[in-house]
Amino acid sequence: LLSPVLVPRPSLSLHPSQGVSLGDNVTLRCHLPRLAAWVLLYHEGGWFYTKGKMKEQDAAEFSFVSTLRVHAGRYRCQYRVSESAEVSVKSDPVELVLTDLRYPPSSISLHPEQHVGTGTNVTIRCWNKDYRATFLLHKDGSSDPIKHQNSSGGGIATFTLFGVTPADSGTYRCSYRLWRYAFMSSPLGDSVMLEVTPSAAPSGAEEQSRANLVMALVRGFVAALVFGLGVFFVIDARSLWIRRDDNCGAPPRRPEAVQLQAPRSDSDCLTYVELQAEPPTTRSPGPPADSQPPTIYADVRTGGPH
């Protein structure tokens, strides 16, 4: 075998890239970044094809006119530069998977069915006739399977799509590959359709209702705040009035001889009171006179000496 040196790596492609059945024609094309005289195609099973080029070209093709089961597998290519000993490293692998129409197609189910909203978790279940196999989930428009899973007991595989979005909408199918023949596939089975609807934006009425609710809460808060401040100021003013009266030291009244008619006070704690008094008399008791009793006015200073 050739020992590789540091020259650019080639690339390998398969035509057609998928859906190749037993007996179909298929071509593997090795793309060369440099002109080469010899190109080798390796099969992972251990054998390889060597193709010499009569003239220098930038690609080499290897074709199978009628594919057989032994052609299925993984391939790489390698090249040697003209008139030198420089040899490239091998390309990345490509897989030739052949469909055997003798395999019965798998069944498929979808839950929830068809129409779901954005963010929903969707389950797709695939099963066959209790074959020990690897199941593959295909989506129309994707060249490669989007998921794969080994079957559980009973030949069933369950795929979960978490939090789907409208991009997950499409048609899904299943296939399987038997464990004994990893590059032999069943045909695609029945399909299921998934349609993901985007989340609806809040309507104008809902937005207006939310705005009204917020305004009502704000107004209620402001009203409660104003009421609380009002109660606080009333209580505080009453407390100040009581303390002022205590500081002025007003003497207690004598209820028998003093009747407070219209108390008035000024800044010097000077209080004016009207006293009603009846002078002593020697007359014998009799009906009261019609005249009003005399009124005595007095200045009472309660703030101390002046």
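Below is a short write-up of the structure. (Residues numbered from 1 in each chain as written. Predicted model: local features only at pLDDT ≥ 70, side-chain atom pairs only at ≥ 80, totals over all residues. Heavy atoms only, no water.)

Things to note about unusual backbone geometry
Excluding glycine, a negative phi dihedral is what most residues carry, and trans is how most peptide bonds are arranged. Using the following cut-off: The numbering of helices and of strands both runs from the N terminus, where a helix is a DSSP run of H or I of at least 4 residues and a strand a run of E of at least 2.
Omega for the bond connecting H15 with P16 falls within 30 degrees of zero, at -5°, which places this linkage in the cis form. Here P16 shows up in the loop between β1 (11–15) and β2 (20–21). Here the bond from H111 into P112 is cis, since omega is -10°, no more than 30 degrees from zero. Tracing the sequence through the fold places P112 in the loop between β8 (107–111) and β9 (115–117).

Re a nonpolar patch on the surface
Stated precisely, the cut-off is as follows: A patch consists of residues whose relative accessible area exceeds 30% and which take part in no salt bridge; residues with like charges are grouped when within 9 Å of each other, and nonpolar side chains (Val, Leu, Ile, Met, Phe, Trp, Tyr) when within 5 Å. Here the accessible surface of atoms and residues is derived via Shrake-Rupley with a 1.4 Å probe, and residues count as covered only by protein chains that are part of the display. Any Lys or Arg side-chain nitrogen located within 4 Å of an Asp or Glu carboxyl oxygen qualifies as a salt bridge.
A cluster of nonpolar side chains, V214, V218, F221, V222, L225, V226, L229, F232 and F233, forms an exposed patch at the surface whose accessible area comes to about 890 Å². As for its placement among the helices and strands, V214 is situated in helix α1 (residues 204–248).

A look at the sheet that holds strand β13 (residues 156–161)
Inclusion rule: The pairing criterion for strands is at least two bridges between them, as found by DSSP. Geometry is summarised by axes, namely lines fitted to C-alpha atoms with helices restricted to the contacting stretch, and by angles between N-to-C directions that run from 0 to 180 degrees.
Strands sit in the order β8-β10-β13 across an open sheet of 3 strands; the sheet is antiparallel. Pairing within the sheet leaves two strands with one partner each, and these edge strands are β8 and β13. The sheet shows a mean angle of 15° between the axes of neighbouring strands, taken without regard to direction. Bridge analysis of strand β10 (residues 122–127) against β13 gives 6 bridges, and the strand direction is antiparallel. Residue pairing for β13: T123 is matched across the bridge by T160.

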